[in-house]
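Residue-level structural notes
The primary structure of each chain is shown beneath.
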Amino acid sequence: MSEKLPYAIEADVPLGNAELEVLKGRYQKELPEVTTQTKFNYAWGLVRSRRQTCNKEGIKLFYEIYNESRERRRECLYYLALGHYKVGEYRKAKEHNNQLLQLEPNNQQALSLAEVIDEKVNREGIIGAAITGVLVALGALVVGIIAKRKTLM
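In this text, all values refer to a predicted model and were calculated from it rather than measured experimentally.

**What to know about the UniProt feature "repeat: TPR" (unreviewed entry) in the chain**
When the UniProt feature table is mapped onto this chain, "repeat: TPR" (unreviewed entry) is found at residues 74-107. For residues 74-107, helix accounts for 79% and strand for 0%, while the C-alpha atoms at its two ends are 10 Å apart.

Structure below.
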């Protein structure tokens, strides 16, 4: 992540296991009638985890909150974008982040996250192109070897 993106720090700084356990305990204590705030806090912790299974569970909870609570939708959009980014679903991350930016064009968190997502997509695109180039070169080499063997026979 570049130094100019302090608002998107959550993309790279995970929540510790002990902190996540506290949030999980509060969530489980309130079951089956969990308050929106407790669910939000737990989802936030899950999305910030290092583990993709936790990130996916956090995404699921944020979708629930988004559908249940109109007043929390803006926040949910940001964390849905962050969650999808963390599990490598960059298209969905970009969609949710763009929705937020349509509502709040000057939202610094969303602007920073947009840059982080774009950097990651560009970096992975370059790596993908390099891998494709190597595979094409190897394919051409194999075809050349086969062609040469046929001419020698």
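Here the narrative resumes.
**Regarding the nonpolar core**
Most often, soluble globular proteins have nonpolar side chains that are buried together. Counting 35 residues, the largest nonpolar core has Tyr42, Phe62, Leu82, Tyr85 and Leu113 as its most contacted members. For this core, the secondary structure elements donating two or more residues are helix H1 (17-30), helix H2 (36-48), helix H3 (52-68), helix H4 (73-86), helix H5 (90-103) and helix H6 (108-152). Ranked by residue count, the leading element in this core is H4, at 8 residues. In contact with tyrosine 85, not counting residues within four places along its chain, are Ala11, Tyr90, Ala93, Val116, Ile117 and Lys120.

**So, the packing of H3 against H4**
Packing of H3 against H4 brings their axes to within 9 Å, and their N-to-C directions diverge by 155°. Relative to H4, H3 is oriented roughly antiparallel. Remark: the crossing between H3 and H4 carries left-handed chirality. Residues Gln52, Asn55, Ile59, Phe62, Tyr63, Ile65, Tyr66 and Asn67 of H3 lie in contact with H4, whose contacting residues are Arg73, Cys76, Leu77, Tyr79, Leu80, Gly83, His84 and Lys86.

About the thresholds
Residues numbered from 1 in each chain as written. Predicted model: local features only at pLDDT ≥ 70, side-chain atom pairs only at ≥ 80, totals over all residues. Heavy atoms only, no water. UniProt positions renumbered as here; feature names shortened; annotations may be inferred. Helix = DSSP H or I, 4+ residues; strand = E, 2+ residues; numbered from the N terminus. Core = buried A, V, L, I, M, F, W, Y, C linked by side-chain atoms within 4.5 Å. Buried < 20%, exposed > 50% of the residue type's maximum accessible area, 1.4 Å probe, protein only. Contact = heavy atoms within 4.5 Å. Axes fitted to C-alpha atoms, helices over the stretch in contact; angles between N-to-C directions. Parallel < 35°, antiparallel > 145°, perpendicular 65-115°, else oblique. Left-handed = near helix turned anticlockwise from the far one by under 90°.

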